[in-house]
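A look at the structure
Listed below, chain by chain, are the residues.
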Amino acid sequence: MATSPPAPAIAPPRLRGLDHLEWWVGNARTFAGFLAAAFGFEPVAYAGPETGRRDRVSYLVRQGDVSLLVSGALDPDSPIADHVRRHGDGVRDVAFLVDDVDLAHAAAVARGGRSLRDPADDTDEHGTIRHAAVATYGDTVHTLLDRSRYDGPFAPWFAPTDLHAAPGASVGLTGIDHVVGNVDQGTLGRWVSFYEDVFGFEQMVHFDDDQISTEYSALMSTVVWNGGRVVMPINEPADGRRKSQIEEYLDFYRSPGVQHIALSTNDIVATVRALHERGVRCMDVPADYYPAARERMAGIDLPWDDLEALGILVDRDRHGHLLQIFTETVTDRPTVFFEIIQREGARGFGEGNFKALFEAIERAQARRGNL
Ligand code: FE2
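Residues numbered from 1 in each chain as written. Predicted model: local features only at pLDDT ≥ 70, side-chain atom pairs only at ≥ 80, totals over all residues. Heavy atoms only, no water.

Counted according to the given criterion, the structure contains 14 salt bridges. Between R273 and D306 there is a salt bridge, with its nearest N and O atoms 3.1 Å apart. On the criterion of sequence distance, the pair formed by R273 in helix α6 (residues 268-277) and D306 in helix α8 (residues 304-310) is long-range, its members being 33 residues apart. A residue is classified by how much of its surface remains accessible, and R273, at 37% relative accessible area, is partly exposed. Of the charged contacts, one joins D284 and R367 as a salt bridge, the two residues approaching to 4.0 Å between their closest N and O atoms. A residue pair is termed long-range when its members are at least 10 positions apart, and D284 in the loop between α6 and α7 (289-296) and R367 in helix α9 (residues 351-367) qualify at 83 residues. Residue D284 is classed as partly exposed on the basis of its relative accessible area, which comes to 38%. On the accessibility criterion, R367 (62% relative accessible area) is exposed. (Salt bridge = Lys/Arg side-chain N within 4 Å of Asp/Glu carboxyl O. Helix = DSSP H or I, 4+ residues; strand = E, 2+ residues; numbered from the N terminus. Buried < 20%, exposed > 50% of the residue type's maximum accessible area, 1.4 Å probe, protein only.)

It is worth spelling out α6 at this point. Taken together, the buried positions of α6 are I268, V269, T271, V272, A274 and L275. Elements in contact with the buried residues of α6: α1 (28-39), β10 (173-182), β14 (257-265), α8, β16 (320-326) and β17 (337-344). G279 lies just past α6 and shows a positive phi near 95 degrees. (Contact = heavy atoms within 4.5 Å.)

What follows concerns the coordination of the iron ion. Note on metal geometry: ideal angles are 109.5 degrees for four donors arranged tetrahedrally and 90 or 180 degrees for six donors arranged octahedrally. In this structure, H178 (NE2), H260 (NE2) and E339 (OE) serve as the protein donors to the iron ion, at separations of 2.0 to 2.2 Å. For the iron ion, the donor residues sit on a single chain with the sequence spacing H-x81-H-x78-E. In this pair, H178 is assigned in strand β10 and E339 in strand β17, connecting sequence segments 161 residues apart. (Donors = N, O, S within 2.8 Å, 3.2 Å for Na, K, Ca; no water.)

Taken as a whole, the largest pocket encloses approximately 620 Å³ of empty space. As for the largest pocket, its lining consists of 30 residues, and the residues nearest its centre are E22, R56, D93, R117 and T143. Per-element accounting of the lining of the largest pocket gives the leading share, 4 residues, to strand β7 (residues 127-135). Tallied by class, the residues present in the lining of the largest pocket amount to 13 nonpolar, 7 polar and 10 charged. Taken as a whole, the second largest pocket spans an internal volume of roughly 390 Å³. Of all elements in the fold, only β1 (15-24), β4 (66-73) and β10 reach the threshold of two or more residues within the lining of the second largest pocket. (1 Å grid on protein atoms, 1.4 Å probe; cavity = no way out; pocket = protein on both sides within 12 Å on 5 of 7 lines; lining within 4 Å. Points joined across faces, edges and corners; volume = space filled by probe spheres on them. Nonpolar A, V, L, I, M, F, W, Y, C, P; charged D, E, K, R; others polar.)

Glancing now at the sheet that holds strand β5 (residues 90-98). Pairing is mixed in the open sheet, where 9 strands are placed in the order β6-β7-β8-β5-β1-β4-β3-β2-β9. Every other strand in the sheet has two partners, leaving β6 (115-124) and β9 (159-160) as the edge strands with one partner each. Of the strand pairs in this sheet, β6 and β7 are connected by 7 bridges, and their pairing is antiparallel. Residue pairing in the sheet places S115 in a bridge with V134 of β7. Across the sheet, helix α3 (residues 101-110) lies against β5, β6, β7 and β8 (141-146), angled at about 5 degrees from β7, the strand it touches most. (Pairing = 2+ DSSP bridges. Axes fitted to C-alpha atoms, helices over the stretch in contact; angles between N-to-C directions.)

What follows concerns unusual backbone geometry. Phi is positive for W157, which is not a glycine, with a value near 80 degrees. With respect to the secondary-structure elements, W157 resides in the loop between β8 and β9.

Our next topic: the sheet that holds β10. The sheet built from 8 strands is open, its strands ordered β11-β12-β13-β10-β14-β17-β16-β15 with mixed pairing. At either margin of the open sheet sits one strand with a lone partner, and together these are β11 (202-207) and β15 (313-317). Here the strands of the sheet are splayed against their neighbours by 25 degrees on average, with no regard to which way each runs. Pairing of β16 with β17, which is carried by 5 bridges, proceeds in the antiparallel orientation. Directly across from F326, in β17, lies its bridge partner E339. Lying over the sheet, helix α5 (residues 245-253) contacts β10, β12 (218-225), β13 (231-238) and β14, oriented at roughly 120 degrees with respect to β14. Lying over the sheet, α6 contacts β10, β14, β16 and β17, oriented at roughly 155 degrees with respect to β17.

Right, let's get into the domain arrangement of the protein. Taken as a whole, the protein is organised into domain 1 (15-160) and domain 2 (173-368). Using C-alpha coordinates to define each centre, domain 1 is positioned 25 Å away from domain 2. Facing 43 residues of domain 1, the contacting portion of domain 2 comprises 40 residues. Roughly 3200 Å² is buried in total at the junction of domain 1 and domain 2, and carbon and sulfur atoms are behind 68% of that figure. Interface area lost by domain 1 to domain 2 is led by F39, R111 and Y137, which between them contribute 23%. Where domain 1 meets domain 2, there are 0 salt bridges. On inspection of domain 1 and its partner domain 2, the count reaches 13 residue pairs in polar contact (both at pLDDT 80 or more). Going through the elements one at a time, β1, α1, β4, α2 (79-87), β5, β7 and β8 are the ones with two or more residues in the side of domain 1 that touches domain 2. When residues of the side of domain 1 that touches domain 2 are assigned to their parent elements, the largest contribution, 7 residues, is made by α1. Tallied by class, the residues present in the side of domain 1 that touches domain 2 amount to 23 nonpolar, 14 polar and 6 charged. (Domains from an automatic or database assignment. Buried area = accessible area lost by both parts, 1.4 Å probe. Polar contact = N/O pair within 3.5 Å; in protein donor to acceptor, adjacent residues only side chain to side chain.)

Dropping the structure here:
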């Protein structure tokens, strides 16, 4: 029996890295000001009616290699207003930098991605940005963009900002380590396949619910990545005795979406001290965490008094160790938060801390009456 030849394989889009993350919020000026005042981001660029964009305002804030775009609606019919009504403030776009937008978009769509925006140019006197977009979990999107022909502050319609927040000294954030999404129970495998199929990502590691569970809640997590600097863990809730933190997120965000953004530093003690002074509050650590942590980290010289005073968590794998801390949610709804991470060789995500962390999260959940 004759068999038809397999369809020619289309190579996945080649991603150079993360370009920026875009937040859609209720008040872009205050959220951008909060990122500047509390996290030391520098306001870089602004777009709005004064610069020729009528339907929204956007602020770009930057620190190290981290670019966060914060946008708010000027019109009740704006998709941003719809998004905020449904999800509260959240991350709308995890934008990837690519060499060839047309090729990347065509490849993503041919491999099963859903196009939200066909390739188009935005041009001003600084040059041209070509961009397209495909959908991912919930109402979240991946813009694919090429800025190689552009030399302005960020993109067309953006001018140097008039947001005179005083960021003071940088708190030492250097880049985005990973971006984590929460998806509905029973769909983790589907979303892992989505990133494998559409973007050619690979699985880096999988954590089962027996590895990530507390007395009350459990989750499963798979880390997918592009083999380079784009690392995207995906969580789904698992059955526990009470509502898991992932379920709380899904209930309040009203769909899958980005749960946390991990930001790198080379000196987490200095960074977290600076964040505390600026009023950033972090999840508290159980009192019994440190004696056990010192045993786990035996043989590694660490500033334990500082770590304990600041509530910094520690973990190790066969490649090295890492230090990390999680902020409280930075949104009104209990949804999105930041992680600060210092890697000293370790390639993990703080698996050894999951249990201690979740117990801390659950204490906060209980205070909100959502456990
Ligand atoms: Fe993380």
